[in-house]
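# Breakdown of the fold
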Amino acid sequence: MKTEQSAKCFNEAKQYLVGGVNSPVRAFNSVGGTPIFIERGAGAYVWDVDGNRYLDFVQAYGPMILGHNQPNVQAAVQQALTDGYAFGATTIKETALAEKICATFKHIDKVRFVNSGTEAVLSAIRLARAYTGRNKIVKFAGCYHGHADSLLVAAGSGLATLNMPSCKGVIPDAVKNTLITPYNHADALETLINANANDIAGIIIEPVAGNMGVVVPSAEFIERLQTLAHQHGILIIVDEVMTGFRAKFGGAQDVIGLQADITTFGKIIGGGFPVGAYGARDEIMQCVAPMGEMYQAGTLSGNPISMTCGLATLENLQAQAPYARFENYAEQLRQALQNSAKKYGVPLTVNTFGSMLTPFFTAEKVTNFASAQRSNTEHFKTFFWAMMEKGMFLPPAQFESWFLSSAMTDEDMQNAESAIDYAMHAVAQTHGLTA
């Protein structure tokens with residue numbers, strides 16, 4: 001693959017952007033080499049400035065579930081652009097998208113739109129505290145809920161990729177009310193809650209973790225989490241920013257049997273435009289201004305272009321109903337990864353959920369952040385670049401999810417299988433492994 005133009009663009013970007021990027025994982029620090037600069041996307045593919053074409057398993061880290069420039073969505077956005085970009089007043093598109101979300105998530109009566117997943121989560125936590133009158137929040141190690149100060153501890157995702165245990169600039173007082181416990185460990189959760197029950201406003205959780213790589217919770221863990229929360233009057237905040245509409249037309253919480261008190265959204269509900277949202281039943285949402293005393297506002301919240309793109313994305317996603325095909329493709333890729341790993345003697349385990357998957361370069365089962373971190377990141381680095389060489393664009397970090405889009409085809413999956421075999425062989429050769 002050619003990288004000359006991307007290298008030139010990166011050198012220029014470093015003069016004006018911090019590290020040459022606007023989000024750390026894009027710098028490719030964990031895999032080395034030259035980060036690519038994307039020029040355009042269409043369907044299941046993206047092209048970089050050097051003219052390389054890639055089957056896109058990044059999908060903007062989740063929003064592009066229909067692929068790039070889906071015709072119906074594109075037409076809706078183009079029409080909306082002719083009407084104006086922002087008004088500082090409410091539009092009917094906000095109501096239409098909110099109605100779609102409320103109709104899909106039966107425990108949500110009201111929604112408030114914001115501009116990012118981070119903003120949605122920090123607002124949801126403020127809301128939990130306002131409603132309960134308590135201060136502490138329980139967070140699970142390895143779950144990432146955006147870059148709000150109180151949540152940048154044991155946060156997985158980019159922090160894990162950069163080997164940063166915490167974030168400088170976050171003062172101790174900002175995280176003193178954040179309680180950390182292992183994901184998928186019900187006994188540890190119960191011990192933590194019993195020691196702090198009267199002070200805990202909420203438990204925030206990715207219903208299926210995606211920012212330590214894909215990790216699915218056990219049924220026992222989810223059942224005990226709900227029981228403990230209900231016993232102690234603790235609100236359950238389910239972060240569906242990544243998982244919302246990924247495994248079904250609805251939430252991952254529906255699939256795993258978890259009901260949220262407050263749910264946060266992002267990514268797919270904006271279809272690629274900046275968006276976030278949080279929602280809950282009426283009695284909780286009435287705490288939010290102008291109805292209540294929990295203040296939260298945003299100049300571009302409910303932006304008409306984001307609302308249009310999100311609504312068109314959800315309408316087309318609902319019409320396509322690609323979820324069975326997603327599961328088939330994820331299983332096909334899982335088998336290809338595991339078969340090739342076995343063939344070449346590469347330790348590997350693969351976790352999937354709906355249209356999300358992560359291959360972990362470890363032989364052990366990955367059930368939490370600690371086990372995910374024991375993956376061999378040098379093996380992943382070799383695998384990543386071999387896949388790129390074969391035209392497969394993967395998230396450039398071990399601790400991220402791959403995403404599928406409905407634009408992908410059977411032929412794309414066959415090409416991906418071939419690339420996987422090539423890349424796994426490269427891992428075995430580079431690192432002296434044998435079957």
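In what follows, the accompanying structure is described. Here the structure is a predicted model, which is why all the values come from computation and not from measurement.

## Overview of the packing of aromatic side chains
- Taken as a whole and judged by the stated rule, the model has 17 aromatic pairs.
- Ring geometry for Y54 against F393: centres 6.0 Å apart, planes inclined by 50°, an arrangement best described as tilted. Taken together, the residues Y54 in strand β3 (residues 53-56) and F393 in strand β13 (residues 392-393) connect sequence positions 339 residues apart. For the residue pair Y54 and F393, the accessibility class agrees, reading buried in each case.
- Residues F140 and F221 carry aromatic rings whose centres are separated by 5.4 Å and whose planes lie at 75° to one another, so their mutual orientation is edge-to-face. Placement of F140 in strand β5 (residues 136-141) and of F221 in helix α8 (residues 219-231) is noted, with a sequence separation of 81 residues between them. Neither residue differs from the other here; F140 and F221 are each classed as buried.
- Among the aromatic side chains, those forming a connected cluster through ring pairs are F28, F57, F361, F380, F383, F384, W385 and W402.
- Over the aromatic face of W47 sits the side chain of R40, whose NZ or CZ is 3.9 Å from the ring centroid.
- Looking at K390, its charged tip hangs above the ring of Y422, at a distance of 4.5 Å from the centre.

## Things to note about the side chain of N351
- Assignment of secondary structure puts N351 in strand β11 (residues 349-353).
- For N351, a relative accessible area of 12% puts it in the buried group.
- A polar side-chain atom of N351 sits 3.1 Å from the main-chain carbonyl oxygen of V366.
- With near-sequence residues (within four places) excluded, N351 lies in contact with V214, V215, M356, L357, T358, F360 and V366.

## Brief notes about unusual backbone geometry
- Residue P290 is reached from A289 by a cis peptide bond, and omega for that bond is 15°.
- The topology assignment puts P290 in the loop between α10 (282-285) and α11 (304-320).
- Phi is positive for Q59, which is not a glycine, with a value near 50°.
- The topology assignment puts Q59 in the loop between β3 and α2 (71-81).
- Its relative accessible area of 0% is what places Q59 among the buried residues.
- Phi is positive for N184, which is not a glycine, with a value near 70°.

Each value, and the rule that gives it
- Residues numbered from 1 in each chain as written.
- Predicted model: local features only at pLDDT ≥ 70, side-chain atom pairs only at ≥ 80, totals over all residues.
- Heavy atoms only, no water.
- Phe/Tyr/Trp six-rings, centres within 6.5 Å; stacked < 30°, edge-to-face > 60°.
- Helix = DSSP H or I, 4+ residues; strand = E, 2+ residues; numbered from the N terminus.
- Buried < 20%, exposed > 50% of the residue type's maximum accessible area, 1.4 Å probe, protein only.
- Lys NZ or Arg CZ within 6 Å of the ring centre and 35° of its normal.
- Polar contact = N/O pair within 3.5 Å; in protein donor to acceptor, adjacent residues only side chain to side chain.
- Contact = heavy atoms within 4.5 Å.

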